[in-house]
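Spelled out from the first residue to the last, the chains are:
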Amino acid sequence: MMIRRATALLALSLFTFAIAPADATAGTPASPPGPPADQPPAAATSHPEAENYRLLGTLGPYRIGATLSVLPDQKLTSASYFYTKNLVDIPLTGQITGEQITLDEPGGGHFSLHFTTTDKTATKPLSLQSATELTGTWQKGTQTYPVLLNLVTTDSLTPDTLYESVTDAPPAVFEAMVRHFLQSALSGNKADTAKLVSWPLRINGQHTQILKTPEALFAAWPRIFTPCVRLSLQRAVPHDMFVHNGEAMVDNGTIWFDAHGASAINVPDCKSSTP
């Protein structure tokens, strides 16, 4: 299920227009008078802010993610994509023309995509605001792969401020901690997993549990890291994560992280959940 959430962090660039004081030197023309005392000063000028559209999907057999930063007039200000196997951002340049978007990477790869939607009531022509997917192809030399990207979330944060409401650590350091937790839990390394928990740990399932110690986590391990949760950990992408109320999440909220580690785990009912 797609999440379309936008943060309320708006960065405004303000310009101050100063009024020159009257020149007291004889023979020098006086500066223009300022506004009357009962007239408010000129309003500050704000610049349009780019919205970041974060996507996940596939490029041929590979899982990828992408971020497109777009102004309200649909001008593309910056873009990048990454392969989930290494989480390294690859810069892109390109443009949006109507329902089409073209993107080029430094190594010669070329994306040719168009907006699509599963919403039959969406206004046409489609834009990033109304589309739910980007589909098309990626080409490099004689290689051509199909591309499908699903819109996951939106925000107006810069790369350096993505997790500023969560932690003072640099984004790369915070993401490395999340990645270490996922790897430790999947490998069954209970001791390392416990070191990456922000105690107390809340477990939400058929019954809510509050775990206060590593020993409590070890005892409840089979009930927490069920096949459904393990599947979520395998497909989780600890990069450009969605943030809400001072915490970041992976895989649509299966696990939430604060500055110190995992703070909550949502355990679905495997019988009713779908991969």
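One can find the structure itself at the top, above this paragraph.
Residues numbered from 1 in each chain as written. Predicted model: local features only at pLDDT ≥ 70, side-chain atom pairs only at ≥ 80, totals over all residues. Heavy atoms only, no water.

Focus: the overall build of the protein chain
Rules: Runs of E in the DSSP output that reach at least two residues are strands. Runs of H or I that reach at least four are helices, and both are numbered from the N terminus. Here the term buried applies to any residue with accessible area under 20% of the maximum for its type, exposed to any over 50%, and partly exposed to those in between, with areas from a 1.4 Å probe on protein chains only. We call two residues in contact whenever any of their non-hydrogen atoms come within 4.5 Å of each other. Here the Shrake-Rupley method, with its probe set to 1.4 Å, supplies the accessible areas, and only the displayed protein chains count as covering residues.
Within the protein chain, the regular secondary structure consists of four helices and 14 strands. Residue burial in the protein chain is summarised as follows: out of 275 residues, 37% are buried. Across the protein chain, every contact between residues at least 6 apart in sequence was considered, and the portion connecting residues at least 24 apart equals 51%. Just so you have it, the protein chain exposes about 15600 Å², and 57% of that area is on carbon and sulfur atoms.

Comments concerning the nonpolar core
In summary, soluble globular proteins display a tendency toward joint burial of nonpolar side chains. Here is the rule we go by: Residues grouped as a nonpolar core are buried Ala, Val, Leu, Ile, Met, Phe, Trp, Tyr and Cys residues, joined through side-chain atoms within 4.5 Å.
Ranked by internal contacts, the top residues of the largest apolar core, which has 33 residues, are Phe 181 and Phe 225. Taken together, the elements giving at least two residues each to this core come down to helix H1 (171-187), strand S9 (197-204), helix H3 (214-224), helix H4 (227-235), strand S12 (247-250), strand S13 (255-258) and strand S14 (261-266). Ranked by residues supplied to this core, first place goes to H1 with six residues. Residues within four places of Phe 225 in sequence aside, it is in contact with Phe 181, Ala 185, Thr 193, Leu 217, Arg 230, Leu 233 and Ile 265. Tyr 53, Tyr 81, Leu 134 and Val 147 belong to the second largest nonpolar core, which has 27 residues in total.

What to know about the pattern of salt bridges
Spelled out, the test is: Salt bridges, as used here, are contacts in which a Lys or Arg side-chain nitrogen is within 4 Å of a carboxyl oxygen on Asp or Glu.
Evaluated as defined, the whole model comprises four salt bridges. Asp 155 serves as the salt-bridge partner of Arg 54, at 2.6 Å between the closest nitrogen and oxygen. Taken together, the residues span a long stretch of sequence, with Arg 54 in strand S1 (residues 51-59) and Asp 155 in strand S8 (residues 143-155) at a distance of 101 residues. The pair formed by Arg 54 and Asp 155 is uniform in burial state, with each residue classed as buried.

Brief notes about the state of the cysteines
To keep it simple, the criterion reads: Any pair of cysteine sulfurs within 2.5 Å is marked as a disulfide.
On inspection of all chains with the given rule, the structure shows one disulfide. Here Cys 228 connects covalently by a disulfide to Cys 270, the sulfurs 2.2 Å from one another. Of the two residues, Cys 228 sits in helix H4 while Cys 270 sits in the segment after S14, which places them 42 residues apart along the sequence. Its relative accessible area of 32% is what places Cys 270 among the partly exposed residues.

Regarding the pairing of S13
As a reminder, the rule being used: A pair of strands is considered paired only if DSSP assigns at least 2 bridges between the two.
Side chains of S13 alternate between two faces, with Ile 255 and Phe 257 and Trp 256 and Asp 258 buried alike. Bridging between S12 and S13 involves three bridges; their strand directions are antiparallel. Bridge assignment links Met 249 to a residue of S13, and that residue is Trp 256. The antiparallel hairpin formed by S12 and S13 contains four residues in its connecting segment, where Asp 251 sits at a positive phi of about 50 degrees. Joining the antiparallel neighbours S13 and S14 is a turn of two residues.

Here we look at the packing of aromatic side chains
How we decide: Only centres within 6.5 Å qualify two rings of Phe, Tyr or Trp (six-membered ring in Trp) as a pair; their planes then separate them into stacked at under 30 degrees, edge-to-face at over 60, and tilted for everything else.
This structure, assessed with the given rule, holds eight aromatic pairs. Ring geometry for Trp 138 against Tyr 145: centres 6.1 Å apart, planes inclined by 20 degrees, an arrangement best described as stacked. With relative accessibility at 6%, the residue Trp 138 sits in the buried group. For Tyr 145, a relative accessible area of 23% corresponds to the partly exposed category. Among the aromatic residues, those joined into a ring-pair cluster are Tyr 62, Tyr 81, Tyr 83, Phe 111, Trp 138 and Tyr 145.

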